[in-house]
Amino acid sequence: MKIVRVAIAGFGGVGRATATLLLNRRPRYRQVHDADIRLVAVCGSRAGLADPDGLEAGRLEALEPGLTGPAFIEASGADILIEAGPSDFRTGGPGLAYLRSALSAGRDTIVISKGALVHSGPDLRDLARSSGAMLKLSGAAAAALPTIDLLEHSLRGCEVLEIEGILNATTNYLLDAMMNQNLGFDEALARAQAGGFAEADPRNDTEGWDTASKLILIANFGLDADLTMDDLVVEGIQSVTEQCIAAWRKQRLVPKLVGSLVRTDGATRAAVGVRTYPMTDPFAHVSGKNKAIRITTDAMGETIAIGSGTEPLATAAAALKDLEHILTARAARAGHGSGGEA
Ligand code: HSE
């Protein structure tokens, strides 16, 4: 049985949930992938822990100050890095240094935080290609809702003409609550924060930045585009008034904050803003904190996926789906397949 060493950088709620799920799934990895997965290092911004034999769940509560940073991960001997730190698309956040270090060393990398990927996506993509490292980002690109996987696997070979996505749970929840529960913006937002899915700074949700970030990741990593935030017109839901809500109700239209992308002659145009849908459109029925994506291709027409999950488990599961894709690809590379690509 092969030993595969995993490190997690970024040890807040999602990083911890990922560690717990990974340790719980070790029997599955042995059985399905013939792999002894060891969690050899974890670290937050100030403290961490490493053990080449693998950390057990009980030890993850006592991190040691100073054990952190890209050099600490490097020294842990990890084969695979999971990056789950705080996300900042304006600077790249702490994740940028971890990703550059791991990818330039050829280490397969699973990214959960969006910041570094939005800030420097094409550079990181090129770095991975030149070093041969696999770079996976399901946890960053709408997590429980499959997005890049649909493009890479389900629609492979088709030409993507258009993508529309309800990619942000918070704004979908807010619009739904304002339309159907008569809640005001502030009260609905307080409920989204209590539910744990609104961002720490909820303007990232309400002003459309989180939707724009996910759309950029889908475009750059699913379609090989080179979009930056400057290429997008981004409008949020902050200017939705009671009058707008009343008018939409009267017209039986359902508002959604949508990231959209159109491809013509190799050029990609993308935007974020409110669109309204008649009740005959499946997007009108994406309620609460659900998310959805509609992909239109030349040969397969329209494909729609709708989904959500309870956080942080759903995001952890999306990242560990990536881990299984990496294990499968590694086995294929080594010439002894472990069941084929999903
Ligand atoms: N705040 C985000 C949302 C979750 O509401 O979808 C993290 O991307």
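Residues numbered from 1 in each chain as written. Predicted model: local features only at pLDDT ≥ 70, side-chain atom pairs only at ≥ 80, totals over all residues. Heavy atoms only, no water.

J.: Talk me through the pairing of strand β8 (residues 160–166); I want residue IDs and the actual numbers.
T.: For β8, a buried count of five out of seven residues is recorded, marking the element as mostly surrounded by other parts of the structure. Taken together, the six bridges between β8 and strand β12 (residues 291–297) define a ladder with antiparallel strand orientation. Residue pairing in the sheet places I163 in a bridge with I295 of β12. (Buried < 20%, exposed > 50% of the residue type's maximum accessible area, 1.4 Å probe, protein only. Helix = DSSP H or I, 4+ residues; strand = E, 2+ residues; numbered from the N terminus. Pairing = 2+ DSSP bridges.)

J.: Describe the site of the ligand, and please don't skip the residues or the numbers.
T.: Around the ligand sit K114, N168, A169, T170, F197, E199, D205, D210 and K214, and those are all the residues in its vicinity. K114 is positioned with one of its side-chain polar atoms (N or O) 2.9 Å from an oxygen atom of the ligand. In this structure, an oxygen atom belonging to the ligand sits 3.4 Å away from a side-chain N or O atom of N168. Here the ligand, which alone exposes 260 Å², has 81% of that area covered by the protein. Elements represented by at least two residues in the shell around the ligand include exactly α7 (169–180) and α10 (209–222). Considered class by class, the residues forming the shell around the ligand number two nonpolar, two polar and five charged. (Near = heavy atom within 4 Å. Polar contact = N/O pair within 3.5 Å; in protein donor to acceptor, adjacent residues only side chain to side chain. Areas by Shrake-Rupley, 256 points an atom, 1.4 Å probe, with all protein chains shown as cover. Nonpolar A, V, L, I, M, F, W, Y, C, P; charged D, E, K, R; others polar.)

J.: Can you lay out the sheet that holds strand β13 (residues 301–307) for me, pointing to particular residues and giving the numbers?
T.: The six strands lie next to each other as β9-β11-β10-β8-β12-β13, forming an open sheet whose pairing is mixed. What marks the edges here is a single partner per strand, and that holds for β9 (233–234) and β13. Across four bridges, β8 lies against strand β10 (residues 253–264) in antiparallel orientation. Residue pairing across strands places G165 opposite G259, the latter belonging to β10.

J.: Quick rundown of the domain arrangement of the chain? Include the residues and the values.
T.: Domain boundaries assigned for the chain yield domain 1 (2–144 + 313–337) and domain 2 (148–307). Summarising the inter-unit geometry, the C-alpha centres of domain 1 and domain 2 are found 28 Å apart. Joining domain 1 to domain 2, the criterion identifies six salt bridges. Of the charged contacts, one joins K321 and D149 as a salt bridge, the two residues approaching to 2.7 Å between their closest N and O atoms. Among the secondary structure elements, those contributing two or more residues to the side of domain 1 that touches domain 2 are α5 (115–131), β7 (135–136) and α12 (313–333). It is α5 that provides the largest number of residues to the side of domain 1 that touches domain 2, a total of six residues. Split by residue class, the side of domain 1 that touches domain 2 holds nine nonpolar, three polar and six charged. (Domains from an automatic or database assignment. Salt bridge = Lys/Arg side-chain N within 4 Å of Asp/Glu carboxyl O.)

J.: Which residues make up the layout of surface pockets, and what values go with them?
T.: Taken as a whole, the second largest pocket encloses approximately 610 Å³ of empty space. If you go around the second largest pocket, you meet 24 residues; those closest to its centre are R129, L135, K136, E152 and F221. Taken together, the elements giving at least two residues each to the lining of the second largest pocket come down to α5, β7, α6 (148–154), α10 and α12. Looking at the lining of the second largest pocket, its residues break down into eight nonpolar, six polar and ten charged. Residue contributions to the lining of the second largest pocket reach at least three from each of two domains, namely domain 1 (2–144 + 313–337) and domain 2 (148–307). (1 Å grid on protein atoms, 1.4 Å probe; cavity = no way out; pocket = protein on both sides within 12 Å on 5 of 7 lines; lining within 4 Å. Points joined across faces, edges and corners; volume = space filled by probe spheres on them.)

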